[in-house]
Amino acid sequence: CTLMGQPYADQVLDKELRTRELLHDAVEAAGGPGAVSWSPAITSPESGYRNKAKMVVGGTVQHPTVGILDHRQRGVDLRHCGICTPGIRHALPVLAGFVTTAGLIPYDVAARRGELKYVLVTESPDGELMIRFVLRSEGQLPRLRQHLDTLRAALPNAVVVTANLLPEHKAVTEGDREIVLTEQETLPMRLGGITMHLRPQSFFQTNTGVATELYAQATAWIDELDPASMWDLYCGVGGFALHAARPGRVVTGIETSAEAIRSAKQSAREAGLEGLRFAADDATEHALRARPDAVPELVVVNPPRRGIGERLSTWLEESDVQHVVYSSCNPVTLAKDLARMPSFRLRRARVLDMFPQTGHLEAVTLLTRA
């Protein structure tokens, strides 16, 4: 939180100015400032906004820390971190106590010994929790199972509890194998009238309120254009696709995570939405393999910080796609990708402060082929 202490209005203004500066060339290519409509930035509560906590577990069984590691690889406790939602702030001290009660051995990064590496907590808009214990091996699983009822008695809103196995010593937060310890496997995330099911290894926007506004803004632009067909690339659990689904509109969501696609399909099925198709695939490869008659009118892209890259931006430039909604968490790579698509014109843009107190932001833009 490098911006902590800076007035919030200044934080938002700085993010807007930085985004406009980075997109200067795209604005000029569109015909100058008058050709691009910039909506006012969407703001967030300054604290209590983050719906997911990725906490390193350090210290000892009797005195665990839940937070981060310092420069000496020692645990720094952040169980009362102010950017986390109130539900997560309530849960973290309980989880620290549970480490002691269950006898879970924190992992010592410097010594490379111990078992419990992280505890990951997500809170839904309805106050339910998903709690994931990231372990080095299955050795602590019997303790987790033995004390699970104690944990759920202390946190009755913990509807999904899992153990994730990360045997390697490397700088990642989770491993490939997930063991669900509760009957319920998904955390319902209800946003804007759509309930999305979040599975343990699926991505979800960390600011629920701003994510709701993001989906609403993108959907408003899409409905205005009213395309008959649409792709949602890097779709995650299907946020844009599910919100933009309409009778008669053919929508396809593509995401590499098979778990996220399972979630998206479940959400579409339960909502009774027709015309949606979700598939686990690489976004770029999906586009490159597409038949000319399968290319949609509109494409939504919501890539990671690296952006969509040269291959996908070149494909979009050379395709018959007429409109692109680009949601970006990194305006630097957004600007680079737009420069690779000179046939498209930037028409609308909006900054969303998804991450108050930090230098990060979300920007959503609408591009139309010239």
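As the structure is a prediction and not an experimental result, all values here were calculated from the model.

So, the sheet that holds strand β11 (residues 229-233)
Ordered by their spatial adjacency, eight strands build an open sheet running β1-β16-β17-β15-β14-β11-β12-β13, and the pairing between neighbours is mixed. Whereas interior strands pair on both sides, the edge strands pair on one side only; in this sheet they are β1 (37-38) and β13 (276-280). Strand direction decides the pairing type here: strand β14 (residues 298-301) and strand β15 (residues 323-328), joined by four bridges, are parallel. Note that in β15 the partner of Val299 across the bridge is Val324. Along the sheet, helix α1 (residues 8-22) contacts β1, β16 (344-352) and β17 (362-369); its crossing angle with β16, the most-contacted strand, is approximately 165°.

Points about the sheet that holds strand β8 (residues 177-180)
Pairing is mixed across the open sheet formed by seven strands, whose spatial order is β4-β3-β2-β5-β6-β7-β8. In the strand order of this sheet, the two ends are held by β4 (75-77) and β8, each with one partner. Sheet twist, expressed as the average angle between the axes of neighbouring strands with direction ignored, equals 40°. Sheet analysis places strand β5 (residues 116-123) next to strand β6 (residues 129-135), joined by seven bridges and oriented antiparallel.

So, the nonpolar core
Nonpolar side chains tend to gather and get buried jointly when the protein is soluble and globular. Met196, Phe278 and Val325 are the most contacted members of the largest nonpolar core, which has 43 residues in total. The element contributing the most residues to this core is helix α5 (residues 208-225), with seven residues. Those residues in contact with Val325 that sit more than four places away from it in its chain are Ala218, Ile222, Leu298, Val299, Val300, Val301, Val364, Thr365 and Leu366. Judged by nonpolar contacts, the second largest core, of 33 residues, contains Trp38, Ile254, Tyr326 and Ala335.

Cut-offs used in this document
Residues numbered from 1 in each chain as written. Predicted model: local features only at pLDDT ≥ 70, side-chain atom pairs only at ≥ 80, totals over all residues. Heavy atoms only, no water. Pairing = 2+ DSSP bridges. Helix = DSSP H or I, 4+ residues; strand = E, 2+ residues; numbered from the N terminus. Contact = heavy atoms within 4.5 Å. Axes fitted to C-alpha atoms, helices over the stretch in contact; angles between N-to-C directions. Core = buried A, V, L, I, M, F, W, Y, C linked by side-chain atoms within 4.5 Å. Buried < 20%, exposed > 50% of the residue type's maximum accessible area, 1.4 Å probe, protein only.

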